[in-house]
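Chains, contacts and geometry: an overview
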Amino acid sequence: MVLPGQAHLIIQRGRRGHDVFVDERDRAVYLASLRDAAREAGVAVHAYGLFAHEVRLLATPRDEAGLAQMMQAVGRRFVRAFNQRHGGSGTPWEGRFRSAVIEAQRHFLGSLRFVEGLSEPAGPRAAPTSADATSSSAAHHLEGREDPIVEAHPEYWKLGNTPFEREARYRDHVAQPASAPELAAILRAALNGWVLGSEAFAAQAATRSGRRPRPSAPGRPRKSI
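The structure displayed is predicted, hence computed values, not measured ones.

1. Description of the packing of aromatic side chains
Scanning all chains against the criterion turns up eight aromatic pairs. Between the aromatic rings of Phe21 and Tyr30, the centroid separation amounts to 5.6 Å while the plane-to-plane angle is 90°, which identifies the pairing as edge-to-face. By relative accessible area, Tyr30 is classed as buried at 0%. With a relative accessible area of 3%, Phe21 lands in the buried category. Following the ring pairs from residue to residue traces out a cluster consisting of Phe21, Tyr30, Phe78, Phe82 and Trp93. Over the ring of Phe51 we find Arg56; its NZ or CZ atom is 4.2 Å from the centre of that ring. Positioned above the aromatic ring of Phe114, the side-chain terminus of Arg56 is 4.0 Å from the ring centre.

2. Side note on the side chain of Glu103
Note that Glu103 resides in the loop between β4 (98-101) and α3 (104-115). Not counting residues up to four positions away in its chain, the partners in contact with Glu103 are Phe108, Leu196, Gly197, Ser198 and Phe201.

3. Quick look at the packing of helix α1 (residues 24-41) against helix α2 (residues 66-86)
Packing of α1 against α2 leaves a shortest axis separation of 8 Å and a crossing angle of 150°. One way to sum up the angle between α1 and α2 is to call them roughly antiparallel. In the packing of α1 onto α2, the handedness of the crossing is right-handed. Taken together, the residues of α2 that come into contact with α1 (itself represented by Arg25, Asp26, Val29, Tyr30, Ser33, Leu34, Asp36, Ala37, Ala38, Glu40 and Ala41) are Gly66, Gln69, Met70, Met71, Ala73, Val74, Arg77, Phe78, Ala81, Phe82, Arg85 and His86. Of the residues assigned to the contact of α1 with α2, the class counts are 13 nonpolar, four polar and six charged.

4. Looking at α2
The end-to-end C-alpha separation of α2 is 30 Å, in line with the 30 Å expected for 21 residues at 1.5 Å each. Three or more residues of α2 are buried, namely Gly66, Leu67, Met70, Met71, Ala73, Val74, Gly75, Phe78, Val79, Phe82 and Asn83. Contact partners of the buried residues in α2: β1 (8-13), α1, β2 (43-50) and β3 (54-61). Trailing α2 by a residue or two, Gly87 shows a phi angle of about 70°, which is positive.

5. Structural notes on the environment of Leu183
Within the element layout of this structure, Leu183 appears in helix α7 (residues 180-192). In this structure the C-alpha to C-alpha distance between Leu183 and Ser119, which are 64 residues apart in sequence, comes to 7.8 Å. Sequence-distant contacts of Leu183, defined by excluding residues within four places in its chain, comprise Phe114, Ser119 and Ala178.

6. Examining the side chain of Arg113
Looking at the element boundaries, Arg113 is found in helix α3. Lacking a salt bridge, the buried Arg113 has Glu182 as its closest oppositely charged neighbour, with an N-O distance of 5.7 Å. Of the polar contacts made by the side chain of Arg113, one reaches the backbone oxygen of Gln176; its length is 2.8 Å.

Cut-offs applied
- Residues numbered from 1 in each chain as written.
- Predicted model: local features only at pLDDT ≥ 70, side-chain atom pairs only at ≥ 80, totals over all residues.
- Heavy atoms only, no water.
- Phe/Tyr/Trp six-rings, centres within 6.5 Å; stacked < 30°, edge-to-face > 60°.
- Buried < 20%, exposed > 50% of the residue type's maximum accessible area, 1.4 Å probe, protein only.
- Lys NZ or Arg CZ within 6 Å of the ring centre and 35° of its normal.
- Helix = DSSP H or I, 4+ residues; strand = E, 2+ residues; numbered from the N terminus.
- Contact = heavy atoms within 4.5 Å.
- Axes fitted to C-alpha atoms, helices over the stretch in contact; angles between N-to-C directions.
- Parallel < 35°, antiparallel > 145°, perpendicular 65-115°, else oblique.
- Left-handed = near helix turned anticlockwise from the far one by under 90°.
- Nonpolar A, V, L, I, M, F, W, Y, C, P; charged D, E, K, R; others polar.
- Expected span 1.5 Å × (residues − 1).
- Lys, Arg positive; Asp, Glu negative; His and termini not counted.
- Salt bridge = Lys/Arg side-chain N within 4 Å of Asp/Glu carboxyl O.
- Polar contact = N/O pair within 3.5 Å; in protein donor to acceptor, adjacent residues only side chain to side chain.

Spelled out as structure tokens, the structure:
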């Protein structure tokens, strides 16, 4: 499900869990591809996290085709450069990207810290850090480093009237332990393509898209014969 004008959480993983970023050059190539592809497809990228074995993005498409166009363009450019550098063939990705529409008023900040790798204290394998500007957008949100890829979402602007206030409020947010149920809900929604939000938001998303926003409730058990 893709809803124009709504924020989406995107995850794309390496094939069979293998790494897709060998070094910082790989990350730099991916980010350059992402910047150009997002602009061409009319997608606003609010955050990114480049882990050794997966990519996480938070983005808002202008139209229904935008996310797919952006990810396909990034894939073509990055895979070509990756294979040329490392002598590979085919794609390092497991397949199509996964995505979930999120209700920004409820879940933007939680999704932002998840994308930037700030939800897990120990961090996933080779997680980005706030000091590593080529690996995540955390430096943009926490340290005032201007990132040409990032476009602020209205929910981030609500954190304060100045960049300093917004950074301080976000820093306070990530300093608090992330809720395990929230993390599980974010990951489950993204990997399965379900809406992350309230029942009312899910119903609106279903009406707009004509698709089921969440898994069906389990039916009544069969009668034994």
